Amino acid sequence: MTPRPIRVLIAEDQAMIRSAFSALVDAQPDMHVVAAVADGEQAVRAAQGTDVALLDIRMPRRDGISAASEIRRTTACRCLMLTTFREETLVLGALDAGASGFLLKDSSPAVLLDAIRRIYRGEGYLDPAITTTVLKHVHRRATPRPLEGFTVRETEVLQLVCEGLSNRAIAEQLTIAETTVKTHVQSLLRKTGSPDRVNLVIWAAGQGLVGGQL
């Protein structure tokens, strides 16, 4: 049986960008654009029954952060925030709203598609440029603590998750099965009380465990 394609919602107020994203996503055999809308209000209405929403931060009527918060509260759709801005408040606001990822609009098409697939699989995604901003913010209030209650392998996996590696890349680096990586990640999420990988990275930073301290 052929797997169901990833149902994608695109919310972007600039028509040309919206059309380009839609064409790119619809060209993928494992993806389908369910709706392409121009503002946050329309995004909230169209999110039901979708898997991943690409939400522009700056939109009329309702911004992407507010839309993400409502979508996460009322649907099972995961949100990937798209922006040309790098302001710290926008990044942190989007994460606080429950976004599963944050990507700059100048990223390559391949990176965008990879981010959609990773978010759909529940991995989450942070653009490397965004990760630096988030970790610097969390470090300002971080108090280093020992990494207690984790196995050696879990510690290795956590380090690689914080470096932004996918499950497949972690499996290749540690020479273990990808299913084993998934098991370790799920254990880390459970032990830290993190809902997803993005929040796991933030948790690690908050413990003072990122930046060579693991």
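Just so it is clear, the model here is predicted, and its values are computed rather than measured.

Colleague: Give a description of the state of the cysteines that names residues and reports values.
Modeller: In this structure the tally under the stated criterion is zero disulfides. The thiol of C77 is unpaired, and the distance to the nearest cysteine sulfur, on C79, comes to 5.1 Å. For C77, a relative accessible area of 0% gives the class buried.

Colleague: Lay out the packing of helix α7 (residues 152-162) against helix α9 (residues 178-192) with the relevant residues and their values.
Modeller: Where α7 contacts α9, the axes come no closer than 10 Å and their chain directions differ by 90°. Judged on the interaxial angle alone, α9 and α7 are roughly perpendicular. Two secondary-structure elements touch here, α7 through R153, E154, V157, L158 and V161 and α9 through H184, V185, S187, L188 and K191. Residues that form the contact of α7 with α9 fall into these classes: five nonpolar, two polar and three charged.

Colleague: Requested: an account of unusual backbone geometry, with residues and values cited.
Modeller: In this model, R61 sits at a positive phi of 70°, which is unusual for a non-glycine residue. Its location among the elements puts R61 in the loop between β3 (52-56) and α3 (64-74). A positive phi is found at T175, a non-glycine position, where the angle reads about 55°. Of note, T175 is situated in the loop between α8 (167-174) and α9.

Colleague: Before we move on, can you summarise helix α5 (residues 109-120) with the specific residues and values?
Modeller: For α5, spanning twelve residues, the distance from its first C-alpha to its last is 17 Å, which sits close to the expected 16 Å at 1.5 Å a residue. Three or more residues of α5 are buried, namely L112, L113, A115, I116, R118 and I119. Two residues or fewer after α5 comes G122, characterised by a positive phi angle close to 90°.

Colleague: Please set out the confidence of the model for the chain residue by residue, giving values where relevant.
Modeller: Of all residues in the chain, 85% have pLDDT values of 70 or greater, and the mean over the chain is 84. Looking at the elements of the chain, mean pLDDT is at its lowest for helix α6 (residues 128-139), recorded as 63, and at its highest for strand β1 (residues 6-11), recorded as 97. Here residues 139-146 scores under 50 on pLDDT; set against residues more than four positions off or in separate chains, the count is 16 contacts.

Conventions and cut-offs
- Residues numbered from 1 in each chain as written.
- Predicted model: local features only at pLDDT ≥ 70, side-chain atom pairs only at ≥ 80, totals over all residues.
- Heavy atoms only, no water.
- Disulfide = S-S within 2.5 Å.
- Buried < 20%, exposed > 50% of the residue type's maximum accessible area, 1.4 Å probe, protein only.
- Axes fitted to C-alpha atoms, helices over the stretch in contact; angles between N-to-C directions.
- Helix = DSSP H or I, 4+ residues; strand = E, 2+ residues; numbered from the N terminus.
- Parallel < 35°, antiparallel > 145°, perpendicular 65-115°, else oblique.
- Contact = heavy atoms within 4.5 Å.
- Nonpolar A, V, L, I, M, F, W, Y, C, P; charged D, E, K, R; others polar.
- Expected span 1.5 Å × (residues − 1).
- pLDDT = per-residue confidence, 0-100.

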